[in-house]
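# Results of the structural survey
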2 protein chains.
Amino acid sequence: MDSAADGGNERSFRAGLSRTRGAYLALRDRIARGEFRPGERFPGEPTLAAELGVSRVTLRHALDRLEAEGLVERRMGSGTYLSARGAGSPLVADLANVLTHLVEMGKRTSVKLLSFTYVAPSPDIATALQLPEGERVQRSERVRLIDGTPFSYLVTSVPESIGIGWSEVDLAKKPLLELLERAGLVADHARQTISAALAGPEVARALGIEPGSALLSLTRTVFDPHGRGIEHLQALYRPDLYSFQMDLVRAGHREGRRWRPVAVDGLKPHDDRPPEAAE
Amino acid sequence: MDSAADGGNERSFRAGLSRTRGAYLALRDRIARGEFRPGERFPGEPTLAAELGVSRVTLRHALDRLEAEGLVERRMGSGTYLSARGAGSPLVADLANVLTHLVEMGKRTSVKLLSFTYVAPSPDIATALQLPEGERVQRSERVRLIDGTPFSYLVTSVPESIGIGWSEVDLAKKPLLELLERAGLVADHARQTISAALAGPEVARALGIEPGSALLSLTRTVFDPHGRGIEHLQALYRPDLYSFQMDLVRAGHREGRRWRPVAVDGLKPHDDRPPEAAE
DNA sequence: GATATCTGTATTAATTATAGAACAGGCTTG
DNA sequence: CAAGCCTGTTCTATAATTAATACAGATATC
């Protein structure tokens, strides 16, 4: 393996990643994959720089960032070490035993209302809610915080005819599903899709993270008993503060490896009650 | 150093985002939020550049990328337009009606084995599987493809004493849970966590995406009836090709807004059978 | 204590990103 | 057709990133 003969990352800049950020991601990846143990020393900077194909200065900038995030500790003249919390919470690593029990830990969540408007729905939302052409929606953007730090960014869209039943003040206090019920509507079933997305600058600012971070995405459409859409939710979660956890048990036959979900939620993982709807 | 009086993004470079990439993400975000309709014309380049606080050249580079991804179309002398597929599939937008029905669409998935080794487990995996100190694991990295394009990156860890029962060839062909059963083990229950992560360079290469892309992350630990861990899976999915979808129905009482999951899976959303375990 | 290794720091030079401006040519509207 | 707005292109100047190198201070090892 020489220094830069391999094919791959010569051009590709132009809106791509800087070499510093690339090195940062590479290291973060190796840490997340468990290549190092907590307290273990990294290879020396010259070695690492050679492995990653960048100069030592660049490698150093990447390490600066990892250090700022608390993933590594550096001791002058000695080396760079994986910090205790390096393997654990904020990475790809196993989140099963981390901060998903937020509510139970006595912490409380609060809501901040960012905007509250009536607008023409975007095409995908209009489709999901099966809105007639021209019908507008009440669109509200909220941020949910836990102990003052925001962990989810919520965009809810409700058909105008329904959403007219409450005000901004209500939305800042009560859960949306409660407001829907107060309006005489019945939430009967819902379909939700879980995916991932990058944080854009606006969302990043609202969540206190940097643009380009990974976010957990939840899109949910709630229907009444007649199949009419009454709410559309687009939620983005900080994966270091929130994740979805579910327990599965083997269902029935030994053929076919089928599983039955037991609990679904990010906040209350180990519970025998039916799960709440996440916000 | 003036010309940018607004507060926010003055320093923060150093392993942060380039302005081009920042503008790219901002636009991608606005598209994903449904600010424009398919076929709609964007504001002019000078206007957009001013809004985003970058020069027209930089804004242009961002547009180049969006165009290369097929999100926008540019007509000389006319303007930049949101392409038909701009609102829909590859973004934060609603994935409910996109390619989650892969199997049903007659497409087939295949598996490519990347590596197959016996190594000391990373601390988090050792904890999840409750391995005694010193016990090693059989670690295999695989990529699952659909019609030739990779959509998931799988890292499975099985205690050495168990994994000794099969070979590389088996792993490349059969699902891991089937191999476990053939070894006389019973997969009784499992716990899985869904989160999001950024693609590191290695994973990015394996999945055919660029480093820094958002990935859907699934971590699953499978236990036998005695509560012993028999498999640990760390899966990363391309969110544009794979997502998790679940239907929820209102369970029982009108108090408390509780929901009961009906189906859980990324491949078979609309089905009454218990869901399969996703890989 | 001598020596090697490592991080911290500084300097220089080359490459790349970005801003700003000017101009050419296509589209649109009147 | 003419005026105005738009994208496409090119140029120059400035700033930031990156590489390469050298050296100082700290730490570990023998």
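Each value, and the rule that gives it
Residues numbered from 1 in each chain as written. Chains lettered and ligands numbered in written order. Predicted model: local features only at pLDDT ≥ 70, side-chain atom pairs only at ≥ 80, totals over all residues. Heavy atoms only, no water. Helix = DSSP H or I, 4+ residues; strand = E, 2+ residues; numbered from the N terminus. Buried < 20%, exposed > 50% of the residue type's maximum accessible area, 1.4 Å probe, protein only. Contact = heavy atoms within 4.5 Å. Areas by Shrake-Rupley, 256 points an atom, 1.4 Å probe, with all protein chains shown as cover. Near = heavy atom within 4 Å. Polar contact = N/O pair within 3.5 Å; in protein donor to acceptor, adjacent residues only side chain to side chain. Pairing = 2+ DSSP bridges. pLDDT = per-residue confidence, 0-100. Phe/Tyr/Trp six-rings, centres within 6.5 Å; stacked < 30°, edge-to-face > 60°. Salt bridge = Lys/Arg side-chain N within 4 Å of Asp/Glu carboxyl O. Core = buried A, V, L, I, M, F, W, Y, C linked by side-chain atoms within 4.5 Å. Arc of directions from axis to C-beta. Expected span 1.5 Å × (residues − 1). Axes fitted to C-alpha atoms, helices over the stretch in contact; angles between N-to-C directions. Parallel < 35°, antiparallel > 145°, perpendicular 65-115°, else oblique. Nonpolar A, V, L, I, M, F, W, Y, C, P; charged D, E, K, R; others polar. Left-handed = near helix turned anticlockwise from the far one by under 90°.

Here we come to the overall build of chain A. Within chain A, the regular secondary structure consists of eight helices and 10 strands. Among the 279 residues that make up chain A, the fraction classed as buried is 53%. Long-range contacts, defined here as pairs at least 24 residues apart, represent 54% of the contacts in chain A between residues at least 6 apart. Summed over its atoms, the accessible surface of chain A is roughly 12,500 Å², and 51% of this surface lies on carbon and sulfur atoms.

Around DNA strand C, 28 residues are found, and the nearest of them are A:Arg60, B:Arg19, B:Thr20, B:Ser55 and B:Thr58. Per the 4 Å cut-off to the protein, sugar and phosphate atoms form 69% of the nearby atoms of DNA strand C. A:Glu45 places a main-chain nitrogen or oxygen 3.0 Å from a phosphate oxygen of DNA strand C. B:Arg19 is positioned with one of its backbone polar atoms (N or O) 2.6 Å from a phosphate oxygen of DNA strand C.

All right, on to the environment of B:Ala199 then. Tracing the backbone through its elements, the reader meets B:Ala199 in the loop between β6 (189–198) and α8 (201–207). Owing to a relative accessible area of 0%, B:Ala199 belongs among the buried residues under this scheme. Sequence spacing of B:Ala199 and B:Tyr237 is 38 residues, and the spatial spacing of their C-alpha atoms is 9.8 Å. Ignoring anything within four residues of it in the chain, the contact list for B:Ala199 reads A:Leu25, B:Ala204, B:Ile209, B:Glu210, B:Pro211, B:Gly212, B:Ser213 and B:Leu215.

So, about the pairing of strand β2 (residues 79–82) of chain A. Sheet analysis places strand β1 (residues 72–75) of chain A next to β2(A), joined by four bridges and oriented antiparallel. Considered in β2(A), the bridge of A:Arg74 is made with A:Thr80.

Moving on, we come to the confidence of the model for chain A. All names here are of chain A. Summing up the model confidence of chain A, the mean pLDDT is 78 and the portion of residues at 70 or higher is 75%. For residues 89–106, every residue scores under 50 in pLDDT, and the model assigns this stretch 52 contacts once sequence neighbours within four places are set aside. Across residues 264–276, where pLDDT falls below 50, the model places 45 contacts with residues more than four positions away in sequence or in other chains.

So, about the pairing of β6(B). All names here are of chain B. Most of β6 sits out of view: eight of its 10 residues are buried. Across 10 bridges, β6 lies against strand β7 (residues 214–223) in antiparallel orientation. Bridging across to β7, Gln-192 finds its partner in Arg-220.

This part covers the packing of aromatic side chains. Aromatic ring pairs are described here by two measures, namely the spacing of the ring centres and the angle between the planes. Residues and elements named next belong to chain A. Tallied over the full model, the rule gives 12 aromatic pairs over all chains. Plain terms: the ring middles of Phe-151 and Tyr-242 are 5.5 Å apart, the flat faces sit at 25° to each other, and that makes the pair stacked. Here Phe-151, found in strand β5 (residues 149–159), pairs with Tyr-242, found in the loop between β8 (229–237) and β9 (244–250); they are 91 residues apart in sequence, far enough to count as distant. In this structure, Phe-151 and Tyr-242 share a single accessibility class: buried.

Under the criterion given, the structure shown has 28 salt bridges over all chains. Salt-bridge contacts for B:Arg136 lead to B:Glu160; the nearest nitrogen and oxygen are separated by 3.7 Å. With B:Arg136 in the loop between α4 (123–129) and β4 (137–146) and B:Glu160 in helix α5 (residues 160–163), the pair connects residues that are 24 residues apart, well separated along the chain. Classification of B:Glu160 by relative accessible area gives partly exposed; the value is 24%. One salt-bridge network, held together by shared partners, links A:Glu45, A:Arg56, A:Arg60, A:Asp64, A:Glu67 and A:Arg74.

Our focus in this paragraph is unusual backbone geometry. At A:Gln130, a position not held by glycine, the phi torsion is positive, near 55°. Of note, A:Gln130 is situated in the loop between α4 (123–129) and β4 (137–146).

A:Ile194 and B:Ile194 are the most contacted members of the largest nonpolar core, which has 68 residues in total. Once residues lying within four places of it in the same chain are set aside, the contact partners of A:Ile194 are A:Leu216, A:Ser217, A:Leu218, A:Phe244, B:Ile194, B:Leu216, B:Ser243, B:Phe244 and B:Met246.

So, on to helix α2 (residues 45–52) of chain B. All names here are of chain B. If you check which residues of α2 are buried, you get Glu-45, Leu-48 and Ala-49. An end-on view of α2 places all buried positions within 100° of arc, on one side of the element. Among the exposed residues of α2, those pointing more than 90 degrees away from its buried face are Pro-46 and Ala-50. Packing partners of the buried residues in α2 comprise α1 (19–32), α3 (56–68) and β1 (72–75). One or two steps after α2, the chain reaches Gly-53, where phi turns positive at roughly 75°.

We now examine the side chain of A:Thr219. All names here are of chain A. Checked against the element boundaries, Thr-219 lands in strand β7 (residues 214–223). A relative accessible area of 6% places Thr-219 in the buried class. Side chain to side chain, Thr-219 and Gln-234 meet in a polar contact 3.0 Å long.

Bringing helix α1 (residues 19–32) of chain A into the picture now. Since the α-helix advances by 3.6 residues per turn, residues separated by three or four positions end up pointing in the same direction. Between its first and last C-alpha atoms α1(A) spans 20 Å; for 14 residues at 1.5 Å apiece the expected length is 20 Å, and the two agree. For α1(A), the buried fraction is high: 13 of the 14 residues fall into the buried class.

Right, let's talk about the side chain of A:Ser157 for a bit. All names here are of chain A. Looking at the secondary structure, you find Ser-157 in strand β5. Exposure remark for Ser-157: the relative accessible area of 1% places this residue in the buried category. Here Ser-157 is in contact with Ile-125, Leu-129, Val-137, Gln-138, Arg-139, Glu-231 and His-232, once residues within four sequence places are set aside.

A pair of packed helices is characterised by two quantities: the angle between their axes and the separation of those axes. All names here are of chain B. Where α1 meets α2, the axes come as close as 11 Å, and the angle between the chain directions of the two elements is 105°. Looking at the two axes, α1 sits roughly perpendicular to α2. Side by side, α1 and α2 meet where Ala-23, Ala-26, Leu-27 and Arg-30 of the first sit next to Leu-48, Glu-51 and Leu-52 of the second. Across the contact of α1 with α2, the residue classes tally to five nonpolar, no polar and two charged.

The next point concerns the packing of α1(A) against helix α3 (residues 56–68) of chain A. Residues and elements named next belong to chain A. At their nearest, the axes of α1 and α3 sit 8 Å apart, and the two run at 55° to each other. When the axes of α1 and α3 are compared, the pair comes out oblique. The element α1 and its partner α3 pack so that their crossing is right-handed. Across from Arg-19, Thr-20, Ala-23, Tyr-24, Leu-27 and Arg-28 in α1, the residues of α3 making contact are Thr-58, Leu-59, His-61, Ala-62, Leu-63, Arg-65 and Leu-66. Split into classes, the residues belonging to the contact of α1 with α3 amount to seven nonpolar, three polar and three charged.

Attention now moves to the environment of A:Gly148. Along the chain, the position of A:Gly148 falls in the loop between β4 and β5. Taking the C-alpha atoms as reference points, A:Gly148 and A:Ser161, separated by 13 residues in sequence, lie 34 Å from one another.

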